[in-house]
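Secondary and tertiary structure notes
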Amino acid sequence: MRIGTGYDVHAFVMDRKLIMGGVEIPHHKGLAGHSDADVLTHAVMDALLGAAGLGDIGSLFPDSDPAYQGINSMILLRQVVDLMKDHQYRIEYMDTVIIAQRPRMAPFIERMRKNLASSMNIEESRINIKATTTENLGFEGREEGIAAQAVVLLQE
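A brief report on the enclosed structure follows. (Residues numbered from 1 in each chain as written. Predicted model: local features only at pLDDT ≥ 70, side-chain atom pairs only at ≥ 80, totals over all residues. Heavy atoms only, no water.)

1. Comments concerning the nonpolar core
In terms of nonpolar packing, the biggest core is built from 47 residues, with Met20, Leu48, Leu77, Met112, Leu116, Met120 and Ile146 touching the most fellow members. Only strand S2 (18-20), strand S3 (23-25), helix H1 (39-52), helix H3 (73-86), strand S5 (90-99), helix H4 (109-120), strand S6 (127-132) and strand S7 (145-155) provide two or more residues apiece to this core. Those residues in contact with Leu48 that lie beyond four places of it in its chain are Leu77, Val80, Val81, Met84, Ile91, Met120, Val152 and Leu154. (Core = buried A, V, L, I, M, F, W, Y, C linked by side-chain atoms within 4.5 Å. Buried < 20%, exposed > 50% of the residue type's maximum accessible area, 1.4 Å probe, protein only. Helix = DSSP H or I, 4+ residues; strand = E, 2+ residues; numbered from the N terminus. Contact = heavy atoms within 4.5 Å.)

So, in C-alpha cells, the structure goes:
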C-alpha cells in the first residue's frame with residue numbers, strides 16, 4: 001500500500017468559469033490558472049503522483065507548455081491514471097476536501113464524484129469529497145481563492 005497527499009490553491013479572477021471536479025459551478029468569478037484551474041482535480045493528481053513516487057503535476061504538465069493552456073483537467077487526470085496503470089498501481093480509495101467560503105459546493109459534490117470516478121475508471125464508492133468553509137478566516141474566508149486537499153491509497 002502507498003499513500004499520497006495533494007494540495008492545490010488558485011486565486012479568484014473575473015471572466016473565467018469556476019470548474020471543480022470537472023463540474024462548472026455557477027459563480028461570478030472563476031479561478032486563475034494555466035489550465036482550467038480545477039483545484040480539486042489538481043490536488044487529486046498530485047496525491048496520485050505522490051503515492052506512486054512520480055513527482056507532481058507541475059513536472060508532468062508544466063505551465064510553461066502552451067499545450068496545457070486552458071486544458072480540461074479531466075484530460076490530465078486520465079493521463080495520470082494511465083501512468084498509475086503503467087506502474088501497476090490500483091486506486092483503492094481517495095478522500096478529498098474543498099476549502100471555500102463561497103460558493104457552496106454541496107449541491108455539486110455528487111456530480112464531482114461521478115466525473116472523478118469516470119475519469120479514474122473506479123467506483124464512486126472509492127471516492128469521498130467534502131467541502132468546508134474557514135469561518136471567514138484566511139484567503140479562502142476572504143473569498144480570494146479556493147484550496148483543495150486529497151489523500152489517496154494505492155495498492156501495488
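2. Remarks on the side chain of Thr41
With respect to the helices, strands and loops of the structure, Thr41 is situated in helix H1. Apart from residues lying up to four places away in sequence, Thr41 is in contact with Gly21, Gly22, Ser73, Met74, Leu77 and Leu116.

3. Quick notes on the packing of H3 against H4
Where H3 meets H4, the closest approach of the two axes is 8 Å, and the angle between their N-to-C directions is 45°. By the angle between their axes, H3 is oblique relative to H4. Facing H3, whose interface residues are Met74, Leu77, Arg78 and Val81, H4 presents Asn115, Leu116, Ser119 and Met120. Among the residues making up the contact of H3 with H4, the classes are represented as 5 nonpolar, 2 polar and 1 charged. (Axes fitted to C-alpha atoms, helices over the stretch in contact; angles between N-to-C directions. Parallel < 35°, antiparallel > 145°, perpendicular 65-115°, else oblique. Nonpolar A, V, L, I, M, F, W, Y, C, P; charged D, E, K, R; others polar.)

4. Things to note about the packing of H1 against H3
Close contact between H1 and H3 brings their axes to 10 Å; oriented N to C, the two are set at 15°. When the interaxial angle is binned, H1 and H3 end up roughly parallel. Seen along the crossing, H1 lies across H3 with a hand that is left-handed. Here Thr41, His42, Val44, Met45, Leu48, Leu49 and Ala52 of H1 lie close against H3, whose contacting residues are Ser73, Met74, Leu76, Leu77, Val80, Val81, Leu83 and Met84. (Left-handed = near helix turned anticlockwise from the far one by under 90°.)

5. A word on the sheet that holds strand S1 (residues 2-13)
Spatially, the 5 strands line up as an open sheet ordered S4-S1-S7-S5-S6, and their pairing is mixed. With partners counted over all chains shown, the strands left at the sheet margins are strand S4 (30-31) and S6, one partner each. Of the pairings in the sheet, the one linking S5 to S7 comprises 9 bridges and is antiparallel in character. Looking at S7, one finds that Ile91 is bridged to Leu154. (Pairing = 2+ DSSP bridges.)

6. Topic: the side chain of Gln101
With respect to the secondary-structure elements, Gln101 resides in the loop between S5 and H4. Look at Gln101 and you get buried, because its relative accessible area is 13%. A distance of 3.5 Å separates a polar side-chain atom of Gln101 from the backbone nitrogen of Thr134. In this structure the side chain of Gln101 is engaged in a polar contact, spanning 3.0 Å, whose partner is the backbone nitrogen of Asn136. (Polar contact = N/O pair within 3.5 Å; in protein donor to acceptor, adjacent residues only side chain to side chain.)

None of the figures reported here should be taken as evidence of function without further support.
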